[in-house]
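# Descriptive structure summary
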Amino acid sequence: MERYDIIGAEKSSGRIIIRSLSLPLLLFILLLFSKQTEAQSNILSDLNSPIIFKGNDSIAYRDPAILFHKDVFHLFYTLVRSENGLIYSYTACSTSKDLKHWSPAKIITAKDQNLNFSSPGNIIRFKDEWILNLQTYPRPGLGVKDKTTYGSADARIFIMRSKDLENWSAPELLKVKGADVKEADMGRMIDPYIVEDKDEKGKWWCFYKQNGVSMSYTYDFKNWTFCCHTESGENVTVLTENNAYILFHSPHNGIAIKRSTDLKHWKDWGDLVVLGQRQWNWAKGRISAGTVVNLTENPTIGKYLMFFHGSGPRTEQEGDFDKNASLGIAWSDDLLHWDWPGKAAK
């Protein structure tokens, strides 16, 4: 049988020496590579719509957070719904293996308008457990006929812990201003996001919406030190790449990006990301809360994925805040140019 070598070529004295590779093995490798390439293209190209969860007149899906673990997407998000004339916010989770078929929403926080645990930021692995960060968004007594109302000054940020991504502990307050600062004196804060320091392993930063975006750090998730703040919108996500922090945030509309190497000096990067908003009636009011995960080295995805929420057709101030908000998906090779299901080719 003829033998070929594609993988095992070596150079010696200007010549190529071929190490034997049987034809059946070569065909198997080529077939495996072909199937990986096909899977990478199909999982995204098989999506028929950018909408993952569609809101309606009584439900809003907002503030996505994503974890990809053992080939499963764990999507956490704010679920807002009307119940007996009142509006409640929850943190919920759904899972998927293909981004197309999702499990039903599993609510993991309590029903309480005085708390309204919501806006999960991200999920990180710390020692032998998972940590999910989220906020409270108190709106006591809010009814479906009331005008759009935002969370009160009592909003704070918390974490929940899990061993298995299924069962979660009771929320724990993050005293990000320091142990000596009383909860009542911490000030309104929402939209947490936690990321490990790019230079010091074991040092964790919490970004949260207060005075732009504020930053505090910890080594044990119990004792915190306040650092600084910078100008920013809400719903921050932070990636660490190429010796830089890449920060995604939401201004009045769209998703903007900043970069920094030291967390103190930030520069805007790229254009405002609005995706297909002009064509999307469901997101005409606002596109916001973009969270990004780097799966460029994953053979079945090979992209950055962005999950976001869009509301509309009315603006949030006009009423599409606690209803008609939907979760969507887009992807990119470079964080600057984005594609999505149904995007028209140029």
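Residues numbered from 1 in each chain as written. Predicted model: local features only at pLDDT ≥ 70, side-chain atom pairs only at ≥ 80, totals over all residues. Heavy atoms only, no water.

For the structure on display, the rule yields one cavity of 30 Å³ or more. Reported here for the largest cavity is a volume of approximately 90 Å³. Along its surface, the largest cavity is lined by 13 residues, and Pro 64, Pro 120, Gly 121, Asn 235 and Val 236 are the ones closest to its centre. Classifying every residue of the lining of the largest cavity by side-chain character gives five nonpolar, six polar and two charged. (1 Å grid on protein atoms, 1.4 Å probe; cavity = no way out; pocket = protein on both sides within 12 Å on 5 of 7 lines; lining within 4 Å. Points joined across faces, edges and corners; volume = space filled by probe spheres on them. Nonpolar A, V, L, I, M, F, W, Y, C, P; charged D, E, K, R; others polar.)

Before going further, it helps to spend a moment on the sheet that holds strand S17 (residues 224-230). One open sheet holds the four strands; their spatial order is S14-S15-S16-S17, and the pairing between them is antiparallel. If you trace the sheet from one side to the other, it starts and ends with strand S14 (190-196) and S17, each paired once. Between one strand axis and the next, the sheet turns by 25° as a mean value, whatever way the strands run. Both S14 and strand S15 (residues 204-209) contribute to a ladder of five bridges, which runs antiparallel. Bridge pairing in S15 links Glu 196 to Trp 204. (Pairing = 2+ DSSP bridges. Helix = DSSP H or I, 4+ residues; strand = E, 2+ residues; numbered from the N terminus. Axes fitted to C-alpha atoms, helices over the stretch in contact; angles between N-to-C directions.)

With respect to the helices, strands and loops of the structure, Asn 42 is situated in helix H1 (residues 23-45). Between the alpha carbons of Asn 42 and Asp 98 there is a distance of 9.4 Å; along the sequence they are 56 residues apart.

Before going further, it helps to examine the side chain of Ser 288. Secondary-structure assignment places Ser 288 in strand S22 (residues 286-295). For Ser 288, a relative accessible area of 0% corresponds to the buried category. A distance of 3.4 Å separates the side chain of Ser 288 from the side chain of Ser 250, its partner in a polar contact. (Buried < 20%, exposed > 50% of the residue type's maximum accessible area, 1.4 Å probe, protein only. Polar contact = N/O pair within 3.5 Å; in protein donor to acceptor, adjacent residues only side chain to side chain.)

A few words on the confidence of the model for the chain. Of all residues in the chain, 88% have pLDDT values of 70 or greater, and the mean over the chain is 91. When the criterion is pLDDT under 50, residues 1-20 qualifies, and its contacts beyond four places in sequence or with other chains add up to 28 contacts. Overall, residues 31-40 carries pLDDT values under 50, and its contacts beyond four positions in sequence, including any with other chains, amount to six contacts. (pLDDT = per-residue confidence, 0-100. Contact = heavy atoms within 4.5 Å.)

The buried count for strand S24 (residues 325-332) comes to eight of eight residues, which makes it a mostly enclosed element. The two faces of S24 match: Ala 325, Leu 327, Ile 329 and Trp 331 on one face and Ser 326, Gly 328, Ala 330 and Ser 332 on the other face are all buried. When strand S5 (residues 51-53) meets S24, the two strands line up antiparallel, connected through two bridges. Bridge pairing links Phe 53 to Leu 327 in S24. Across eight bridges, strand S23 (residues 303-311) lies against S24 in antiparallel orientation. By the bridge assignment, Tyr 304 is partnered in S24 with Ser 332. Inspection of the sheet shows S24 paired to strand S25 (residues 338-339) by two bridges, in the antiparallel sense. Bridging from a neighbouring strand, Trp 331 pairs with Asp 339 of S25. Connecting S24 to the antiparallel partner S25 that follows it, the hairpin turn spans five residues, and Leu 335 within it adopts a positive phi of roughly 75°.

What follows covers the packing of aromatic side chains. If you walk through the whole model with that rule in mind, you get 19 aromatic pairs. Ring centres of Phe 68 and Phe 73 lie 4.4 Å apart, and the angle between their planes is 40°; on these two criteria the pair is classed as tilted. By relative accessible area, which is 0% here, Phe 73 ends up buried. With a centroid separation of 5.7 Å and 90° between ring planes, the pair formed by Phe 76 and Trp 168 is classed as edge-to-face. Placement of Phe 76 in strand S7 (residues 72-83) and of Trp 168 in the loop between strand S12 (157-162) and strand S13 (172-173) is noted, with a sequence separation of 92 residues between them. We note that Phe 76, like Trp 168, is buried. Put simply, the rings of Phe 53, Tyr 61, Tyr 77 and Trp 102 pair up and form one aromatic cluster. (Phe/Tyr/Trp six-rings, centres within 6.5 Å; stacked < 30°, edge-to-face > 60°.)

Right, let's get into the nonpolar core. Judged by nonpolar contacts, the single largest core of 22 residues is most densely connected at Phe 73, Leu 75, Leu 99 and Leu 305. Broken down by secondary-structure element, the contributors of at least two residues to this core are H1, S5, strand S6 (59-69), S7, S22, S23 and S24. Beyond its immediate chain neighbours, meaning those up to four positions away, Leu 75 contacts Ile 52, Phe 53, Pro 64, Ala 65, Ile 66, Ala 92, Cys 93, Ser 94, Trp 102, Phe 307 and Leu 327. Core analysis: the second largest hydrophobic core is formed by 19 residues, Ile 257, Val 292, Ala 330 and Trp 340 among them. (Core = buried A, V, L, I, M, F, W, Y, C linked by side-chain atoms within 4.5 Å.)

Right, let's get into the pairing of strand S10 (residues 123-126). Bridge analysis of S10 against strand S11 (residues 129-135) gives four bridges, and the strand direction is antiparallel. Considered in S11, the bridge of Arg 125 is made with Trp 130.

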